[in-house]
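# Fold and contact review
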Amino acid sequence: MVRPFAIKGKKRKRKEEKYDREEQEEVEEEESAERVSTEKLTKEAKDNDEKDDETGADELVGIPIAPSDTRPNTGVIFVLEKASLEVAKVGKSYQLLNSDDHANFLRKNNKNPADYRPDIVHQALLAILDSPVNKAGRLQAVYVRTEKGVLFEVKPHVRIPRTYKRFSGIMLQLLQKLNITAVGKREKLLRVIKNPVTKYFPVNSHKIGFSYSSEKFVKMRKYVDAVGDDMNLVFVVGAMAHGKIETEYTDDFIAISGYPLSAAMCIARITEALADKWNIL
């Protein structure tokens, strides 16, 4: 009776050892597979980083910009002065003030609703960034200074929202957080910078202001043709509903039409003349 029990006990022990070995082998196989998978993902991430570094793709998709090595040394810079971009707490939230949605709020605070026109800045930025001059890579920078003196930079390859509602949200975020970054990237597409704006201009730049009240009336095409190809052009345009820009840094102050023009129309005439000058179709 003792011997059969001993045999059975040994068999049970071998069986348990067999199962333990199988479980240990399965665990080792799983750990090995996880290690191989982790190494593969790490290698792929490293390869992707190397590809990004090689290509240097910091530009947003859909805006064709000329490669930096072939971009001409000279170009054009736009400055939008007296932009009506003001944030205030209306009710329980902060909003970008405009004459349509906040007329009653503005009147209660003894302010003229007609002066609050952020849509002018929106239209002007679209006119600049959609122009063939920008898509050909000749736009160097865009600067916007608000009525309160806040200065911010807009990168040439940024995609400004088409609808005013989305644009208003972007401007609200910019004025509160001081910058807007690209999705999934560290590049700052819009950022608040220090005054004065002149310290961001190239050394060889010719600064031109525009006003309907100017006594110097010119044709835009002839005016830009007279400027040398080695000069950077800086155009200062008012982005307000009424009034005149008053800047001390402009070299010239001209009028390009016998009628008052909107900021977007003025920019359209400028970019059209520059496209003809630089043979941009």
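Residues numbered from 1 in each chain as written. Predicted model: local features only at pLDDT ≥ 70, side-chain atom pairs only at ≥ 80, totals over all residues. Heavy atoms only, no water.

### Some remarks on the sheet that holds strand β10 (residues 252-254)
Here eight strands make up an open sheet; going across it, the order is β6-β7-β5-β4-β1-β9-β8-β10 and the pairing mixed. Strands with a single pairing partner mark the edges of an open sheet, and in this sheet they are β6 (179-181) and β10. If you compare each strand with its neighbour and ignore which way they point, the axes differ by 20° on average. Where strand β8 (residues 205-210) lies against β10, three bridges are found, and the strand directions are parallel. When the bridges of β10 are listed, Ile208 appears paired with Asp252. Sheet strands in contact with helix α5 (residues 164-177) are β5 (151-154), β6 and β7 (188-193), and its direction is about 120° off that of β6. (Pairing = 2+ DSSP bridges. Helix = DSSP H or I, 4+ residues; strand = E, 2+ residues; numbered from the N terminus. Axes fitted to C-alpha atoms, helices over the stretch in contact; angles between N-to-C directions. Contact = heavy atoms within 4.5 Å.)

### Regarding the packing of helix α3 (residues 118-129) against helix α7 (residues 263-277)
Two numbers describe how α3 lies on α7: the axes approach to 8 Å, and their chain directions differ by 15°. One finds that α3 runs roughly parallel with respect to α7. In terms of crossing hand, the pair formed by α3 and α7 is right-handed. On α7, the residues touching Ile120, Gln123, Ala124, Ala127 and Ile128 of α3 are Ala263, Ala264 and Ile267. A class-by-class count of the residues in the contact of α3 with α7 yields seven nonpolar, one polar and no charged. (Parallel < 35°, antiparallel > 145°, perpendicular 65-115°, else oblique. Left-handed = near helix turned anticlockwise from the far one by under 90°. Nonpolar A, V, L, I, M, F, W, Y, C, P; charged D, E, K, R; others polar.)

### Structural notes on α7
Taking 1.5 Å per residue, 15 residues should reach 21 Å; α7 reaches 21 Å between its end C-alpha atoms and fits that length. Considering only its buried residues, α7 is in contact with β1 (76-83), α3, α4 (132-135), β8, α6 (220-226) and β9 (232-238). Once α7 ends, the next one or two residues include Asn279, with phi positive near 55°. (Expected span 1.5 Å × (residues − 1).)

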